[in-house]
Amino acid sequence: MENYGKAFGSIYWYFDEPKELYIDMLSVSEENQQKGLGTFLLKRLEQICINDLSAERISLWTCKDSWTKNWYNRCGYKDAEPNESEPETIWLEKNFLLPTHKLI
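Residues numbered from 1 in each chain as written. Predicted model: local features only at pLDDT ≥ 70, side-chain atom pairs only at ≥ 80, totals over all residues. Heavy atoms only, no water.

**Focus: the layout of surface pockets**
Counted as a void, the largest pocket has a volume near 540 Å³. Lining the largest pocket are 22 residues, with Leu26, Ser27, Trp67, Thr68 and Trp71 positioned closest to its centre. When residues of the lining of the largest pocket are traced back to their parent elements, those giving at least two are strand E4 (20–28), helix H1 (37–52), strand E5 (57–63) and helix H2 (67–74). Tallying contributions element by element places E4 first for the lining of the largest pocket, with 6 residues. The residue makeup of the lining of the largest pocket, split by class, is 10 nonpolar, 9 polar and 3 charged. (1 Å grid on protein atoms, 1.4 Å probe; cavity = no way out; pocket = protein on both sides within 12 Å on 5 of 7 lines; lining within 4 Å. Points joined across faces, edges and corners; volume = space filled by probe spheres on them. Helix = DSSP H or I, 4+ residues; strand = E, 2+ residues; numbered from the N terminus. Nonpolar A, V, L, I, M, F, W, Y, C, P; charged D, E, K, R; others polar.)

Written out as structure tokens, the structure is:
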């Protein structure tokens, strides 16, 4: 996201496994925090995940004891498992139930 050529919010993600999208980084410039921009970016990515990619889950890792973990938890992301390579971090995930279609 940018305004007058200056970036104030971004989200980097990758989709290299079937049905699972990974968030690498979500950031909002300090002067634009607490305005709902991070939530907007996250919700937009969730829409892309479901509607465009037909992915069933978003995963990410963050520090165990951080405001970001608490924020992701409030956004519906659940603790998944410790990140064994970095013990102070934890994997979080959000699963999406895709509608099933029955053939008649």
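**Here we look at the environment of serine 27**
Inspection of the secondary structure assignment puts serine 27 in strand E4. When the C-alpha positions of serine 27 and isoleucine 11 are compared, they lie 6.4 Å apart, and in sequence the two are 16 residues distant.

**Remarks on the pattern of salt bridges**
When the charged atoms of two side chains lie near each other, side chains of opposite charge can form a pair. The final tally for this structure, using the stated rule, is 5 salt bridges. Its salt-bridge partner being glutamate 20, residue arginine 57 comes within 3.2 Å of it at the nearest N-O pair. Here arginine 57, found in strand E5, pairs with glutamate 20, found in strand E4; they are 37 residues apart in sequence, far enough to count as distant. Here arginine 57 falls in the partly exposed class, since its relative accessible area comes to 27%. Notably, a salt bridge pairs glutamate 46 with lysine 43, separated by 3.6 Å at the nearest N-O pair. In this pair, glutamate 46 and lysine 43 both sit in helix H1, 3 residues apart, roughly one turn of the helix. By relative accessible area, which is 6% here, glutamate 46 ends up buried. Here the residues in one salt-bridge network are Glu20, Arg57 and Glu93, joined through shared partners. (Salt bridge = Lys/Arg side-chain N within 4 Å of Asp/Glu carboxyl O. Buried < 20%, exposed > 50% of the residue type's maximum accessible area, 1.4 Å probe, protein only.)

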